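# Structural overview
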Amino acid sequence: MASSTSLLLSVFTLFSLLFWASSSEEIENSSLTITLPLTPKFASKPSTDPMVFLQELSSASKSRAHLLKYGKTSPLVKTPLYPIDYGGHTISLSFGNPPQKLSYLVDTGSDVVWAPCTTHYECINCSFSAKDVPIFKTQLSTSLKTLSCKNPLCTSDCPRCKGNSKNCSQVCPFFIQYGAGAEAGYYLLEDLHFPQKTFHNFLVGCATIALREISTLAMGGFGQSMLSLPVQMKVKKFAYCLKSHYFDNTRNSSRLIFDYKDGDTKGLSYTPFLKNPPDTPVYYYLGVKTLMLGNKILPIPSKYLAPGSDRSGGLIIDSGFGYGYMASPVFKIVTNELKKQMSKYRRSREIEGETDFIPCYNFTGRKIDIPDLIYHFTGGATMVVPGNMYFRFIPEIGFGCFPVTTDANKTLEFTPGPSIILGNYMQVNHYIEFDLKNNRLGFREQIC
């Protein structure tokens, strides 16, 4: 991986020297609500073999966990939100003049908004052909401006500008890593269009080369950063309600809401965002008081329930992760209790060995009864995750598995970063609101 990443950086550095940019305008605030469709969409065609599919899901989950552990009275704005088969959801965004619409993965675990932007887009060791990637065609837009390293909005490292920044004409470089994959290119200032509002000089990444990517989708970063989509839009909060999708790529959408109103939303329970460790400023950390399985309180040490001085521990909520992650000690406590409460079902060691998911059970001809997983958060808010939302069922062969990822080799256990990642599959049929103005998460159970 190191040699491929070096190659990507070398190609990117050479390419980035060709561009320079002008400064941006202040994005005006707006008193409206924008609502978009939120849709499931498959990144690449899944295997029709259920065992192969589970193996692919396991591999993708481990890659995502690795990334997140190392991490670096106004109307609403609403947009459709679509699920994708490994647990993600997309929205359609229109950049440029004339507007060009692409699907963007909604990711609260990252902060950059970017899209492939050249017909010469190259993807090294990717799971798809670069010719199949939807492209933002920069040559067709009359509003496009590249961002130079001398622009205050550029926070990237510009080695050719050091000591001579006033005369620097280097483009502001764009590089971001996703698990084992990466994207590189340069930053643009573009117009972002909604029916109710156009945002001028929106900072967006223009990806020209990639490494080991598994998805052809563009990315919409929703994390806690000045680069993220909601922060650039200057919304006070954003919210979504995720449909159950079971990786079927249905076109039935729910909604993503950008809201400029302040105050409580009716029926929501709130829990505050915790202060982020310095290594992971983008994530949304939540304080967990207790974790329960059915009516059993799990004896999880407090150091795993909140980030500590060693920059490890705590829970983050992530829309880009399917089932989520638990550090090995937390995982063992949860799965040991799960095995006790599900002892009436027959374990399948063979399925566990082939998928790396533990435990797995044979449910053939049996009524399925899986205990709720219950999170009690700081501030009194409680989230109940039904068993059918955190278990992965394979009806074709009559089996089911606990698909939350862990680190069996303990290589991630002692690295900085969260001990628990609450994936979007566990958020299904909840209305979830990220209140940026008041630094808190609100939610309620709701059929989406």
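Residues numbered from 1 in each chain as written. Predicted model: local features only at pLDDT ≥ 70, side-chain atom pairs only at ≥ 80, totals over all residues. Heavy atoms only, no water.

## Some points on the overall build of the protein
What the protein contains, in helices and strands, is six helices and 29 strands. Split into buried and exposed, the 448 residues of the protein put 59% on the buried side. Surface summary for the protein: the accessible area is close to 18600 Å², and the carbon and sulfur share equals 52%. (Helix = DSSP H or I, 4+ residues; strand = E, 2+ residues; numbered from the N terminus. Buried < 20%, exposed > 50% of the residue type's maximum accessible area, 1.4 Å probe, protein only. Areas by Shrake-Rupley, 256 points an atom, 1.4 Å probe, with all protein chains shown as cover.)

## Focus on the pairing of strand β10 (residues 181-193)
Of all 13 residues that make up β10, 13 are buried, and the element is covered over most of its length. Where strand β4 (residues 89-95) lies against β10, two bridges are found, and the strand directions are antiparallel. Along β10, the bridge assignment pairs Ser94 with His193. In the sheet, strand β8 (residues 145-146) pairs with β10 via two bridges, with the strands oriented antiparallel. Looking at β10, one finds that Thr146 is bridged to Leu188. Pairing of strand β9 (residues 173-178) with β10, which is carried by six bridges, proceeds in the antiparallel orientation. Across the sheet, residue Pro173 finds its bridge partner in β10, namely Tyr186. The turn joining β10 and strand β11 (residues 198-211), which pair antiparallel and follow one another in sequence, is formed by four residues. (Pairing = 2+ DSSP bridges.)

## Things to note about the state of the cysteines
For the structure shown, the criterion picks out six disulfides. One disulfide bridge connects Cys117 with Cys206, the sulfur atoms lying 1.6 Å from each other. Residues Cys117 and Cys206 are joined by a disulfide whose S-S torsion is about 80 degrees; by sign, that bridge is right-handed. Of the two residues, Cys117 is situated in the loop between β6 (113-116) and β7 (122-124) and Cys206 in strand β11; the sequence distance between them amounts to 89 residues. Here Cys206 falls in the buried class, since its relative accessible area comes to 1%. Cys149 shares a disulfide with Cys158; S-S distance 2.0 Å. Classification of the bridge connecting Cys149 and Cys158 rests on its S-S torsion, roughly -85 degrees, and on that basis the disulfide is left-handed. For the pair shown, Cys149 and Cys158 are each scored as buried. (Disulfide = S-S within 2.5 Å.)

## Description of the confidence of the model for the protein
Overall, the predicted model of the protein reaches an average pLDDT of 81, with 77% of residues at or above 70. Per-element confidence in the protein is highest for strand β18 (residues 296-297), whose mean pLDDT is 98, and lowest for helix α1 (residues 2-16), whose mean pLDDT is 42. (pLDDT = per-residue confidence, 0-100.)

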